[in-house]
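Breakdown of the fold
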Amino acid sequence: MLEKLIFEKSSPGRTAYSLPVGAYCNTPLPIPERHLRSKPAELPEVAEIDVVRHFTRLSQLNFSVDTNFYPLGSCTMKYNPKVNEDVSRYEGFVNLHPYQSQEQCQGILQILYELEKTLTEICGMEEFTLQPAAGAHGEFVGMLISHAYHVKNGKRRNKIIIPDSAHGTNPASAAMCGFDIVEIKSNSHGLIDIETLKRNMDSDIAALMLTNPNTLGLFEKDILKIAEIVHDAGALLYLDGANMNALLGIAKPGDMGVDILHLNLHKTFSTPHGGGGPGAGPLGVVKKLIPFLPAPRIIKKDNSYNWQDDRPDSIGRVKPFHGNTGVLIRAYAYLVSVGSEGLGKISESALVNANYLWKKLSGHIEIPYGERCMHEFVASTRKLKANGITTLDIAKRLLDYGFHSPTIYFPLIVADALMIEPTDTETRETLDEFADAIIKILEEAKTNPEILKKAPHNTPASRLDEVQAARKPDLRWRKDSS
Ligand SMILES: *Cc1c(COP(=O)(O)O)cnc(C)c1O
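Attention here is on the structure that accompanies the text.

Calculation criteria
Residues numbered from 1 in each chain as written. Predicted model: local features only at pLDDT ≥ 70, side-chain atom pairs only at ≥ 80, totals over all residues. Heavy atoms only, no water. Helix = DSSP H or I, 4+ residues; strand = E, 2+ residues; numbered from the N terminus. Contact = heavy atoms within 4.5 Å. Areas by Shrake-Rupley, 256 points an atom, 1.4 Å probe, with all protein chains shown as cover. Phe/Tyr/Trp six-rings, centres within 6.5 Å; stacked < 30°, edge-to-face > 60°. Buried < 20%, exposed > 50% of the residue type's maximum accessible area, 1.4 Å probe, protein only. Near = heavy atom within 4 Å. Polar contact = N/O pair within 3.5 Å; in protein donor to acceptor, adjacent residues only side chain to side chain. Nonpolar A, V, L, I, M, F, W, Y, C, P; charged D, E, K, R; others polar. Pairing = 2+ DSSP bridges. Axes fitted to C-alpha atoms, helices over the stretch in contact; angles between N-to-C directions. Salt bridge = Lys/Arg side-chain N within 4 Å of Asp/Glu carboxyl O. Core = buried A, V, L, I, M, F, W, Y, C linked by side-chain atoms within 4.5 Å. 1 Å grid on protein atoms, 1.4 Å probe; cavity = no way out; pocket = protein on both sides within 12 Å on 5 of 7 lines; lining within 4 Å. Points joined across faces, edges and corners; volume = space filled by probe spheres on them.

Counting secondary structure elements, the protein contains 14 helices and 12 strands. For the C-alpha atoms alone, the extent of the protein along its principal axes is close to 75 × 70 × 40 Å. Sequence-distant contacts, at least 24 apart, represent 70% of the contacts inside the protein between residues at least 6 apart. When the accessible surface of the protein is split by element, carbon and sulfur atoms take 53% of a total near 24600 Å².

See the structure below:
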């Protein structure tokens, strides 16, 4: 059953609350006449229970990580412990104001300071900034820092090398910063081709933007060699750390020769992900890049914490106030609650889960690259084309079995890609059910392709025109729209 709009439930004069007349309502508001409405705003007039039921029902129409398995590769749809939500809503945090004096904010400053230090330790870097608001923002800030670094060294460099398996935000961030993109093709194993990298390396290259494990879920095993080639040419090695779920407590990017990296707290450190924000994309750097970090920085001196603004080489501020602090608090709470031992277990479980699924599915679906995987892997449904079945059909049919689809059609180097990331927080039973559903759907693709073409069958709405929905959103549901 589709839910009516809240406006359609409105009835004139119906209210949720009304305060006793006289007690609060008899003093005219001190608002100049010209700013007052001449007629009441056209808001829905509904009872409290209408509001509660309406929005509860809407939430039930949505697919969510709290209700079902959500194996979106690259996005890391983890279950995030609810205790971290609670902590981020502590009164002391939510009532803080960014213009309060530093003396009054010592608690939150200490948390931000310690979070920076913890992320620094986890990644083997020298310092972190918490300002960037998302992964892509971290990339952009990293590109600004690369630019500032080369200019300071006396030569502007105008190109960034990016492998063809990279996430689309990588070239976008570099281009927004004014760099030209040099795309290099992956080799037949889905990894960076050393010879191609060498051939493209010259004194105009500011940085290589690398994702490790890469978007195929494969570890760049030549990472040390890659770092050497990059550094020998005087360039920087940027790591897209969106896949840190595979490395926590096991390996440090700093030990791999990485000079700059961003993390996505909404992928790896306990901020719910999928509602479109807010997130956070802290950025870590090696020693020589510290002067360029966004200002202000938090400095600890004699057990007090203060913002330091006086940083002549800083690229400046990249976010009003001090980053998305609610997200930063969740990450801090998460790190405190898992401890350093728990940290390694997160990644171990992510790797075991992904490889378990890899093994269960590899006899049933084509997995073009790798003998095993890190925290995710990429399958291809291209062989089903002969039956007229697309990756989208598989994705839609999965909804009927109670699973969100994996990421589809990404990365671009795999035709008809199905990118599966089970994350660390899923049980073996869930993984078994998911594998069984995929195997069943692949069988249906041969025996009953029609059922896939018209899927999903069990959801409130079936196939929507997604392009139209994005280009011309019509939020009013009508009987005649299917
Ligand atoms: C998610 C992701 C990004 C972009 O991060 P946002 O936080 O969505 O801006 C970049 N690279 C990879 C590999 C990603 O998975």
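This brings us to the packing of aromatic side chains. Scanning the model with the defined rule gives eight aromatic pairs in all. The interplanar angle of 75° and the centroid separation of 5.0 Å between the aromatic rings of Phe69 and Phe434 together place this pair among those described as edge-to-face. Placement of the pair is Phe69 in the loop between helix H1 (48-61) and helix H2 (82-88) and Phe434 in helix H12 (residues 428-447), with a sequence separation of 365 residues. With respect to burial, Phe69 and Phe434 carry one shared label: buried. Plain terms: the ring middles of Tyr90 and Phe93 are 6.2 Å apart, the flat faces sit at 5° to each other, and that makes the pair stacked. In this structure Tyr90 comes out as partly exposed when scored by relative accessible area, which is 47%. Ring pairs connect the aromatic residues Phe69, Phe403 and Phe434, which therefore count as one cluster.

Attention shifts here to the site of the ligand. Every residue near the ligand is listed here: Ser74, Ala134, Gly135, Ala136, Glu139, His167, Thr169, Asp240, Ala242, Asn264, His266 and Lys267. The separation between an oxygen atom of the ligand and a polar main-chain atom of Gly135 is 2.8 Å. The contact in question runs from a nitrogen atom of the ligand to an N or O atom on the side chain of Asp240, over 2.5 Å. For the ligand, whose unbound accessible area comes to 380 Å², protein coverage reaches 88%. Within the residue set of the shell around the ligand, elements represented by two or more residues are helix H5 (135-152) and helix H9 (265-268). Sort the elements by how many residues they give to the shell around the ligand and H5 lands first, with three residues. Its residues placed into classes, the shell around the ligand shows three nonpolar, six polar and three charged.

Here we take up the sheet that holds strand E4 (residues 205-211). The strand order across the open sheet built from seven strands is E1-E7-E6-E5-E4-E2-E3, with neighbouring strands paired in mixed fashion. Two strands close off the open sheet at either side, each with one partner strand: strand E1 (127-129) and strand E3 (180-184). Mean inter-strand twist for the sheet, computed between neighbouring axes without regard to direction, equals 25°. Relative to strand E7 (residues 283-285), strand E6 (residues 260-262) runs antiparallel, the two being bridged by three bridges. Following the sheet pairing, Ile260 is matched in E7 by Val285. Sitting on the sheet, H5 touches strand E2 (159-163), E4, strand E5 (236-240), E6 and E7, and the angle it makes with E5 is about 175°.

Neither face of strand E10 (residues 377-380) is left uncovered, since the one carrying Phe377 and Ala379 and the one carrying Val378 and Ser380 both have all their residues buried. With four bridges connecting them, E10 and strand E12 (residues 417-420) associate as antiparallel partners. If you follow Val378 over to E12, its bridge partner there is Met419.

Spatially, the three strands line up as an open sheet ordered E10-E12-E11, and their pairing is antiparallel. Edge positions in the sheet fall to E10 and strand E11 (407-408), since each of these pairs with one other strand and no more. Of the pairings in the sheet, the one linking E11 to E12 comprises two bridges and is antiparallel in character. Each residue of the ladder has a partner; that of Thr407, found in E12, is Met419.

All right, on to the pattern of salt bridges then. Counting across every chain of the model gives 23 salt bridges. For Arg89, the salt bridge goes to Glu85, with nearest N and O atoms at 2.8 Å. For Glu85, a relative accessible area of 13% translates into the label buried. One salt bridge in this structure joins Glu195 and Lys198, with 3.8 Å as the shortest N-O distance. Residue Glu195 and its partner Lys198 are both found in helix H7 (residues 194-200); the two are separated by three residues, about one turn of the helix.

Bringing the nonpolar core into the picture now. One finds Ile160, Leu197, Leu208, Phe269 and Leu289 to be the most contacted residues of the largest nonpolar core, which totals 82 residues. In contact with Ile160, not counting residues within four places along its chain, are Met143, Ala174, Phe179, Asp180, Ile181, Val182, Ala206, Ala207 and Met209. Counting 26 residues, the second-largest nonpolar core is a separate cluster that includes Phe69, Trp358, Leu418 and Leu452.

Below, the discussion takes up unusual backbone geometry. The omega torsion across Ala295 and Pro296 is -5°, close enough to zero to call that bond cis. Relative to the helices and strands, Pro296 is located in the loop between E7 and strand E8 (297-301). Here Thr76, not a glycine, exhibits a phi torsion of approximately 50°, which is positive. Within the element layout of this structure, Thr76 appears in the loop between H1 and H2. Backbone geometry at Asn303 places phi at a positive 65°, although glycine is not the residue there. If you trace the backbone, Asn303 turns up in the loop between E8 and strand E9 (304-308).

The next subject is helix H11 (residues 391-400). In terms of residue burial, H11 counts as a mostly covered element, since eight of its 10 residues are buried. Every buried residue of H11 is accounted for by Thr391, Asp393, Ile394, Ala395, Lys396, Arg397, Leu398 and Asp400. Against E11, E12, H12, helix H13 (449-453) and helix H14 (466-471) lie the buried residues of H11. Immediately beyond the C-terminal end of H11, within one or two residues, lies Gly402, with a positive phi of roughly 85°.

This part takes up empty space enclosed by the protein. A full pass over the atoms with the stated rule returns three cavities of 30 Å³ or more. By volume, the largest cavity is sized at about 80 Å³. Taken together, Leu112, Glu116, Thr129, Leu130, Gln131, Pro296, Arg297, Ile298, Trp307 and His322 make up the full set of residues lining the largest cavity. Where the lining of the largest cavity is concerned, the elements lending two or more residues are helix H4 (106-123) and E8. Looking at the lining of the largest cavity, its residues break down into five nonpolar, three polar and two charged. Of the voids in this model, the second largest cavity is the one considered here, and its volume is about 50 Å³. If you trace the second largest cavity, you find it lined by Pro163, Ser165, Ala166, Asn170, Met209, Leu210, Thr211, Asn214, Thr215 and Glu220.

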